Amino acid sequence: MKPVTSPPTTVDVVLPCLNEAEALPWVLDRIPPHWRALVVDNGSTDGSAGIARSLGAQVVREERRGFGAACHAGLTASDADIVCFCDCDASLDPGQLVPFVREVVEGEADLVLGRRRPTARGAWPPHARAGNLALARMLRRRTGLRLHDLGPLRAGRREALLGLDLTDRRSGYPLQMVVRAADAGWRITEHDVPYLPRTGASKVTGTWRGTWHAVRDMSRVLNETPVREGSTR
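Conventions adopted
Residues numbered from 1 in each chain as written. Predicted model: local features only at pLDDT ≥ 70, side-chain atom pairs only at ≥ 80, totals over all residues. Heavy atoms only, no water. Salt bridge = Lys/Arg side-chain N within 4 Å of Asp/Glu carboxyl O. Helix = DSSP H or I, 4+ residues; strand = E, 2+ residues; numbered from the N terminus. Buried < 20%, exposed > 50% of the residue type's maximum accessible area, 1.4 Å probe, protein only. 1 Å grid on protein atoms, 1.4 Å probe; cavity = no way out; pocket = protein on both sides within 12 Å on 5 of 7 lines; lining within 4 Å. Points joined across faces, edges and corners; volume = space filled by probe spheres on them. Nonpolar A, V, L, I, M, F, W, Y, C, P; charged D, E, K, R; others polar.

**Overview of the pattern of salt bridges**
When the charged atoms of two side chains with opposite charge come close together, those side chains can pair. Counted under the stated rule, the structure contains nine salt bridges. Of the charged contacts, one joins Asp-79 and Arg-36 as a salt bridge, the two residues approaching to 3.0 Å between their closest N and O atoms. Taken together, the residues span a long stretch of sequence, with Asp-79 in the loop between helix H3 (67-77) and strand S4 (82-85) and Arg-36 in strand S2 (residues 36-41) at a distance of 43 residues. The partly exposed category is assigned to Arg-36, whose relative accessible area is 27%. Residue Arg-116 is joined to Asp-149 by a salt bridge in which the shortest nitrogen-to-oxygen separation is 2.8 Å. With a gap of 33 residues between them, Arg-116 in strand S5 (residues 111-118) and Asp-149 in the loop between helix H5 (126-143) and strand S6 (154-157) connect regions that are remote in the sequence. This pair shows no difference in class: Arg-116 is buried, exactly as Asp-149 is. A single network of salt bridges, built from pairs that share partners, joins Asp-12, Arg-36 and Asp-79.

Structure representation (structure tokens):
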């Protein structure tokens, strides 16, 4: 009698994309073997969707503009056991997600986040870093979590992430994920990851104005009433 074996864990990497034609080849080349790349085209005009398809990625279209809208479209389109998120601008290597996924699969954490560590001057502009630091402090006061970064590189179980019922569709989406996970009692861990100079201009924190809008969106998330019922851990 053959031993009963569990099916292999499936992993999708959600890549929100708005005009990232130049960065896509580098990013998709670093998707770990047997993982699937879900490139969410958020209204690109530079042929990003076609490039992604030609490189083997599955393309999801999301007409509603917004970082959160693109991320959530990828999450809902996925049918994998584990869903990861990564920027599509070549600032983060999706290969860094391998130990994140292992930690989730082995039950050591429910949500694993990457703490960005700049590898070169200019990789993380001062205004963006200042905004992130302010939000991390506000998050600590709100949840007690001693996190240092609210970066986009992260991994968790798809069904549990859907169970958080995330509603933000702008730049507050990553923060809302962490806040609601904390309210639900999830085990959240953070690990250093190299942060490279991005390709092209940031759509969210490329300017002081953009950073201010992002902080405003995220501050609204922090003012949500904590909900601890209905955890899907």
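**Comments concerning empty space enclosed by the protein**
Where empty space is left becomes clear once a probe the size of a water molecule has been rolled over the atoms. Applying the stated criterion to the full structure yields one cavity of 30 Å³ or more. A volume near 40 Å³ is recorded for the largest cavity. Lining the largest cavity are Phe-67, Cys-71, Phe-85, Pro-152, Arg-154, Tyr-173, Pro-174 and Met-177. Looking at the lining of the largest cavity, the elements that each hand over two or more residues are H3 and helix H7 (173-183). Looking at the lining of the largest cavity, the element that brings in the most residues is H7, giving three residues. Looking at side-chain class alone, the lining of the largest cavity contains seven nonpolar, no polar and one charged residues.

**Overview of the environment of Gly-163**
By secondary structure assignment, the location of Gly-163 is in helix H6 (residues 158-163). The sequence separation of Gly-163 and Arg-180 amounts to 17 residues, and the corresponding C-alpha distance is 9.8 Å.

**Comments concerning unusual backbone geometry**
One non-glycine residue, His-34, lies in the positive phi region at around 75°. Position of His-34 among the secondary structure elements: in the loop between helix H1 (24-29) and S2. His-34 sits in the exposed class, given a relative accessible area of 83%. We note that Asp-165 has phi near 55°; this positive angle belongs to a residue other than glycine. Topologically, Asp-165 is positioned in the loop between H6 and H7.

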